[in-house]
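Analysis of the macromolecular model
Okay, here's what each chain looks like letter by letter:
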Amino acid sequence: MKLDIKAISKEYSEKHILVFGDIILDAYVHGKVDRVSQEAPVPIVLVEHKEFKPGGAANVALNLAGLGSRVTLMGIAGKGKNHDHLKSCINEQNKISYEVIDIESRPTTIKTRIIADKRQLARLDNEVTDEISRKDEEILIKKFKKNIKNIDGVIIQDYNKGLLTPMIIETIIDCSKKNKVPVYVDPKFSNYSLYKGVRLFKPNLLEYNTIAKEEEFGTPPKSGFHFKDYMKTEILLLTLGSNGMSLYHNGKHDSISTKARQVFDVSGAGDTVIATFALNDVCGLNPLDSAMISNLAAGRVCEDIGVSPITIDSLIDFSSLHYN
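Residues numbered from 1 in each chain as written. Predicted model: local features only at pLDDT ≥ 70, side-chain atom pairs only at ≥ 80, totals over all residues. Heavy atoms only, no water.

1. Concerning the overall build of the protein
The number of helices and strands found in the protein is 10 helices and 13 strands. For 324 residues, the compact-globule formula gives about 20 Å, and the C-alpha radius of gyration of the protein, at 19 Å, lands near that figure. Seen along its three principal axes, the alpha-carbon backbone of the protein occupies a region of about 60 × 50 × 45 Å. For the protein, with 324 residues in total, the buried portion stands at 54%. For the protein, the share of sequence-separated contacts (at least 6 apart) that also reach a separation of at least 24 residues comes to 72%. Only carbon and sulfur atoms are counted for the fraction: they give 47% of the accessible area of the protein, which is about 14800 Å². (Helix = DSSP H or I, 4+ residues; strand = E, 2+ residues; numbered from the N terminus. Rg over C-alpha atoms; globule rule 2.2 N^0.38 Å. Buried < 20%, exposed > 50% of the residue type's maximum accessible area, 1.4 Å probe, protein only. Contact = heavy atoms within 4.5 Å. Areas by Shrake-Rupley, 256 points an atom, 1.4 Å probe, with all protein chains shown as cover.)

2. A few points about the packing of helix H4 (residues 134-147) against helix H5 (residues 166-178)
At a closest axis distance of 10 Å, the pairing of H4 and H5 adopts a crossing angle of 15 degrees. What the angle tells us is that H4 and H5 run roughly parallel. The chirality of how H4 crosses H5 is right-handed. Within the contact between the two elements, H4 uses Arg 134, Glu 137, Leu 140, Ile 141, Phe 144 and Lys 145 and H5 uses Met 167, Ile 168, Thr 171, Ile 172, Cys 175 and Ser 176. Among the residues forming the contact of H4 with H5, the class breakdown is seven nonpolar, two polar and three charged. (Axes fitted to C-alpha atoms, helices over the stretch in contact; angles between N-to-C directions. Parallel < 35°, antiparallel > 145°, perpendicular 65-115°, else oblique. Left-handed = near helix turned anticlockwise from the far one by under 90°. Nonpolar A, V, L, I, M, F, W, Y, C, P; charged D, E, K, R; others polar.)

3. Topic: the environment of Asp 254
Within the fold, Asp 254 resides in strand S13 (residues 252-256). C-alpha of Asp 254 to C-alpha of Pro 107: the two residues are 147 residues apart in sequence and 41 Å apart in space. In contact with Asp 254, other than residues within four places in its own chain, are Met 245, Ser 246, Leu 247 and Leu 288.

4. Considerations on the sheet that holds strand S11 (residues 235-239)
Spatially, the nine strands line up as an open sheet ordered S5-S4-S1-S8-S9-S10-S11-S12-S13, and their pairing is mixed. The strands lining the two open edges of the sheet, one partner per strand, are strand S5 (96-103) and S13. Of the strand pairs in this sheet, strand S10 (residues 200-201) and S11 are connected by two bridges, and their pairing is parallel. Following the sheet pairing, Phe 201 is matched in S11 by Leu 236. Packed onto the sheet, helix H3 (residues 81-90) meets strand S4 (70-78) and S5 and runs at close to 175 degrees relative to S5. (Pairing = 2+ DSSP bridges.)

5. Describing the packing of aromatic side chains
Each aromatic ring pair is summarised here by two numbers: the centre-to-centre distance and the angle between the ring planes. Counting across every chain of the model gives five aromatic pairs. Centre to centre, the rings of Tyr 195 and Phe 201 are 6.4 Å apart; their planes meet at 45 degrees, and the pair counts as tilted. For the pair formed by Tyr 195 and Phe 201, the shared burial category is buried. Arranged with centres 5.8 Å apart and planes meeting at 35 degrees, the rings of Phe 201 and Phe 227 form a pair that is tilted. With a gap of 26 residues between them, Phe 201 in strand S10 and Phe 227 in helix H7 (residues 222-231) connect regions that are remote in the sequence. By relative accessible area, which is 0% here, Phe 201 ends up buried. In textbook terms, an aromatic cluster arises when at least three aromatic residues are bridged by ring pairs, as seen for Tyr 195, Phe 201, Tyr 208 and Phe 227. Residue placement shows Lys 53 over the ring face of Tyr 28; its charged tip is 5.5 Å from the ring centre. The ring of Tyr 230 has Lys 196 sitting right over it, with the charged end atom 4.0 Å from the ring centre. (Phe/Tyr/Trp six-rings, centres within 6.5 Å; stacked < 30°, edge-to-face > 60°. Lys NZ or Arg CZ within 6 Å of the ring centre and 35° of its normal.)

6. Observations concerning the nonpolar core
Of all hydrophobic cores here, the largest spans 52 residues; its most connected members are Val 19, Leu 64, Leu 73 and Ile 155. If we ignore the near neighbours within four places in the chain, the residues touching Leu 73 are Val 19, Ile 23, Ala 57, Ala 58, Ala 61, Ile 90, Ile 96, Ser 97, Tyr 98, Glu 99 and Val 100. With 37 residues, the next largest nonpolar core counts Leu 140, Val 185, Ala 212 and Leu 238 among its residues. (Core = buried A, V, L, I, M, F, W, Y, C linked by side-chain atoms within 4.5 Å.)

7. Focus on the pairing of strand S12 (residues 245-249)
In terms of burial, S12 is a largely internal element, five of the five residues being buried. The two faces of S12 match: Met 245, Leu 247 and His 249 on one face and Ser 246 and Tyr 248 on the other face are all buried. Relative to S12, S11 runs antiparallel, the two being bridged by five bridges. Each residue of the ladder has a partner; that of Leu 237, found in S12, is Leu 247. Counted between consecutive antiparallel strands, the loop separating S11 from S12 contains five residues, among which Gly 241 sits at a positive phi close to 65 degrees. Where S12 meets S13, five bridges bridge the pair, whose relative direction is antiparallel. Paired with Tyr 248 across the two strands is His 253, which belongs to S13. Hairpin geometry of S12 and S13 is characterised by an intervening segment of two residues between the two adjacent antiparallel strands and by a positive phi of about 55 degrees at Asn 250.

Here's what the structure looks like:
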């Protein structure tokens, strides 16, 4: 099936997506290994340079902006240098409205990856995952209600970092329905039952298997239809890492294989999938075409080391390799 991404993408700039979710700062320590430590059987990494990239909901926002959409990013971060690094990365993209609040009682979530010889050797996480306070809930709910006007779609990016409380989830879904705005959810296991009735529910394979086992849905693909009915979602999109994705919609199941020429890193690919799918869906594409394009976008970013958002130019170039 041929998809004219260049023609389709002309509508992207006319859309405005609100991304609400857990914001992460991804740090990368790059170096090389030339010996093993005498203290323990571990490699010694000689650090060459360090870089920062937005992750989580912030990476979803970057993917959308890279495709040309306007974006409002909502969430929380701590005060200090890590939040400064995050803001400096986001400020490079003028299509993103930054509606992130500072919280003094918790740090900005940061994932530090140690990379040498094009391989990730370790990851260090610094985070607080307790639920946010009632006061912070009220601030965010007020900001969400103010920002939901003139929005074409809402993406909820849930990494179980304490931001998405039951009250916030309920408010986002209810307000979006009242404003006739579709909601697209990238879930984590803990909150999945709160997301019933959304436009799209997009678990990865680990999350899907955990939920399907708990609810005794059986095995794919039949279990996908039971899962979709249970969630009362219009579309179920199951991401399978390097094996592509499965789409359930209108009583049909479609398997979509990955398009990556070589998979270096699947980090952030789920962010690319939900951003690309939601944007194409609000542009009026059918779910299968939206899934096909999001699969192409994910295949492209998997060819890079580390979290890397899609851009419209890289998507068009990549799609031409497969359809021309």
